[in-house]
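# Structural characterization, general
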Amino acid sequence: MSFKNLYKFTIIKFINFRYRKYVHYSLLFSIILFQFLLALFIYNEFYNVNELDKINLDREKLKKAEVIIQNTSSHFSDAQNDFISFLTNKNQTTFNGFQNNMNTGLKKFDTLNNKLTGNSGFTKYFKENNKEEYKNYQIAKRKIDSLQKANPLTNTSGFDDLLDVKKFDYSQILNSVKVDTKVEVDSVKKKGFFGRLGNAISGDVEVQKEKVNIIVSMKFGKNVSSGNVQQQLGQAFNKTNEYYQEQIKNLKIKLSLNKNSETELILKSFDFLENSHTALKAINSSFVSYKDAIDKKYNKKEAETKSIRRITVFGIIILVLFVSIILIILTKLAFGYEERLLVANKTIRENLIFKDKLVSMISHEIRTPLSILSLYSIQLKNKIVDPIMKQLFESITFTTNSANLLASQILDFSKNEQKKIALKTSIFNVKNELIEVLNGLKTLVEQKENTLNIALNLPDDLNVTSDVVKMYQVFYNLIGNANKFTEKGIIDVQAKVVNVSSKIYKLEVSISDTGKGISKQDINAIFTNFYQSVAEDKVHNLGAGLGLYLCKELIELFDGEITIESKINKGTKVNFYLNFSK
């Protein structure tokens, strides 16, 4: 089996004309599904991507905050190391390093605190998920703020200056020194030669002695002291001793005071370090967990966005492919049906042409013998005296006229399919023509034991210019229908003329019967071509369904209008009017 035959056997066989509604429903469902996928794609690209960008912006802010946390932690660690070194060697340079690192760390901590407290998501997460850490952070933050206001890190004045002892100033004393020298000689009695020889033999020696006295004057402060060198040197040493004793006394006092200040500084510095580490640890703990939560949220949102994007794109591709296949198949089917329709249309045209020829031929062929039969029946009726036979020929005449009229209607209807029906005007007397038509119909009505009541309120000289044959057709059809659906009843015909203008007469006609009546459903469709009433299945002389349709068209040719009022088993009333030219 070839592919073409297989295609026809499977696809074309499956998508048959009987299943066309399922195919159309599938296409409609595909359109709805496409709109849904498109809406989902737009929602994803606008809403989800926007949410993803917001989360990514938070991640970027958290990365910057993470850098600040690392820098702050580094400065606090350096400050701690410098402080430990300071406690060991009491070096002012080390303490200055501690001060600088601590102040820098606190500034960065304030920056970090402002950034994180400005992040409503982090603040909410911190409060709800780490309540104990948040409480510790608040306490440590308050202590840090309190310590910063006290400014304890600027309390030292220099430990090198603390141990600096000033030298004793001797310049004033030395500049005030004055020295006076006095010589004193002892008096020895002068002896002669023999006296001196005796002393020499005895060993006594008498020597004249000289004594030198040195007086030193020195100024100590405002007091001037005088004495020998030994005394003055002793006093100078005493003053020096007193000066350095005073220096040592002051140094002891300063050491005592500095020890208290140093202790306070150490305690406050420990508070700074402890609370800063506590606050930073609390923030860092919540920050890490919050950052992980944000990263998970971002990854989840990103995966959801990509998944929706993949689903919508692949869904749209598959849907478009499916619709394309269906449209290709339907297009092939449409082309196939189009070919078949063209063939069928050609056949129908040929059949219609044949039908028109057949109807025209039959109508012409029937009208000729009917006319001859009508003519013979009239001639025989005029020659017969017997009233019963005369009435019989009148019925024959009416029947032939009715058949002739039916043939004319069929011929007119067949012509109406190709061109519009028009009035063939002639001058005639309305009252005389109506009397002739109604009297001819009276025999037909009486055959069904119905009574035809005629009330013509028309002037005798009512001559008009119009189509008398089409007027006959209107009355034949309407009274024929009333007689068809009435048994042993009454048919009333009333007519009057109204002078509309100087050029127009209006013939107003009312035809009512006491027959079966027409349902509301039938009244709405009774003027439709080839329509037959539901009640007509009980009527033996069923027509072709052209009567009222042709009547409506004929009345409209006269610029008239027709209306019907009816009730089931109560009868029917037909009102219409025809306009005639004067």
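These numbers come from a predicted model, not from an experiment.

The next subject is helix H2 (residues 20-89). Relative to the 104 Å expected for 70 residues at 1.5 Å per residue, H2 spans 100 Å between its end C-alpha atoms, a close match to the ideal helical length. At Asn44, H2 shows its largest kink, close to 30°. One or two steps after H2, the chain reaches Lys90, where phi turns positive at roughly 55°.

Evaluation of the coordinates by the stated rule reveals 12 aromatic pairs. Between Phe475 and Phe576 the ring centres are 5.8 Å apart and the planes differ by 70°, which places this aromatic pair in the edge-to-face class. Of this pair, Phe475 sits in helix H12 (residues 468-484) while Phe576 sits in strand E10 (residues 571-581), placing them 101 residues apart in sequence. The exposure classification of Phe475 matches that of Phe576, with both residues buried. Through a chain of ring-to-ring contacts, three or more aromatic side chains come together here, namely Phe122, Tyr125, Phe126, Tyr134, Tyr137, Phe287 and Tyr290. One residue, Arg59, lies across the ring of Tyr298, its end atom 4.3 Å from the ring centre. One Lys or Arg, Lys506, reaches over the ring of Tyr577 and ends 4.4 Å from the middle of that ring.

A surface patch of nonpolar side chains, amounting to about 450 Å² of accessible area, comprises Phe34, Leu38, Ile42, Phe46 and Val320. Tallying contributions element by element places H2 first for the nonpolar patch, with 4 residues. For Ile42, the position within the fold is in helix H2. The class of Ile42 is partly exposed, set by a relative accessible area of 42%.

What follows concerns the pattern of salt bridges. All chains considered together, the criterion is met by 11 salt bridges. What emerges from the salt-bridge pattern is a single network uniting Arg59, Lys291 and Asp295.

Attention now moves to the pairing of strand E9 (residues 561-567). Burial of E9 is one-sided: the residues Ile562, Ile564 and Ser566 facing one way are buried, the residues Glu561, Thr563, Glu565 and Lys567 facing the other way are not. Across 7 bridges, the pairing between E9 and E10 is antiparallel. Note on E10: the bridge partner recorded for Ser566 is Thr572.

This paragraph deals with the nonpolar core. Counting residues in hydrophobic clusters, the biggest one holds 38 residues, and the most contacted among them are Val430, Phe475, Leu478 and Phe576. Mapped onto this core, the elements with two or more residues apiece are helix H11 (430-447), H12, strand E7 (490-499), strand E8 (504-513), helix H14 (547-557), E9 and E10. For this core, the element with the most residues is H12, which contributes 8 residues. For Val430, the residues in contact, after removing those within four places along its chain, are Leu458, Leu462, Val464, Leu507 and Phe580. If you look at the next biggest cluster of nonpolar residues, it comprises 33 residues, including Ala79, Phe109, Ala279 and Leu280.

Between two packed helices, the angle of one axis relative to the other and the distance separating the axes together describe the packing. The N-to-C vectors of H2 and helix H3 (residues 92-117) enclose an angle of 155°; their axes lie 8 Å apart at closest approach. Taken as axis vectors, H2 and H3 run roughly antiparallel relative to one another. By crossing handedness, the relation of H2 to H3 is classed as left-handed. Grouping the amino acids of the contact of H2 with H3 by side-chain chemistry returns 14 nonpolar, 11 polar and 4 charged.

What counts, and at which threshold
- Residues numbered from 1 in each chain as written.
- Predicted model: local features only at pLDDT ≥ 70, side-chain atom pairs only at ≥ 80, totals over all residues.
- Heavy atoms only, no water.
- Helix = DSSP H or I, 4+ residues; strand = E, 2+ residues; numbered from the N terminus.
- Expected span 1.5 Å × (residues − 1).
- Bend = angle between axes of the 7 residues up to and from the residue.
- Phe/Tyr/Trp six-rings, centres within 6.5 Å; stacked < 30°, edge-to-face > 60°.
- Buried < 20%, exposed > 50% of the residue type's maximum accessible area, 1.4 Å probe, protein only.
- Lys NZ or Arg CZ within 6 Å of the ring centre and 35° of its normal.
- Patch = residues over 30% accessible without salt bridge, like charges linked within 9 Å, V, L, I, M, F, W, Y side chains within 5 Å.
- Areas by Shrake-Rupley, 256 points an atom, 1.4 Å probe, with all protein chains shown as cover.
- Salt bridge = Lys/Arg side-chain N within 4 Å of Asp/Glu carboxyl O.
- Pairing = 2+ DSSP bridges.
- Core = buried A, V, L, I, M, F, W, Y, C linked by side-chain atoms within 4.5 Å.
- Contact = heavy atoms within 4.5 Å.
- Axes fitted to C-alpha atoms, helices over the stretch in contact; angles between N-to-C directions.
- Parallel < 35°, antiparallel > 145°, perpendicular 65-115°, else oblique.
- Left-handed = near helix turned anticlockwise from the far one by under 90°.
- Nonpolar A, V, L, I, M, F, W, Y, C, P; charged D, E, K, R; others polar.

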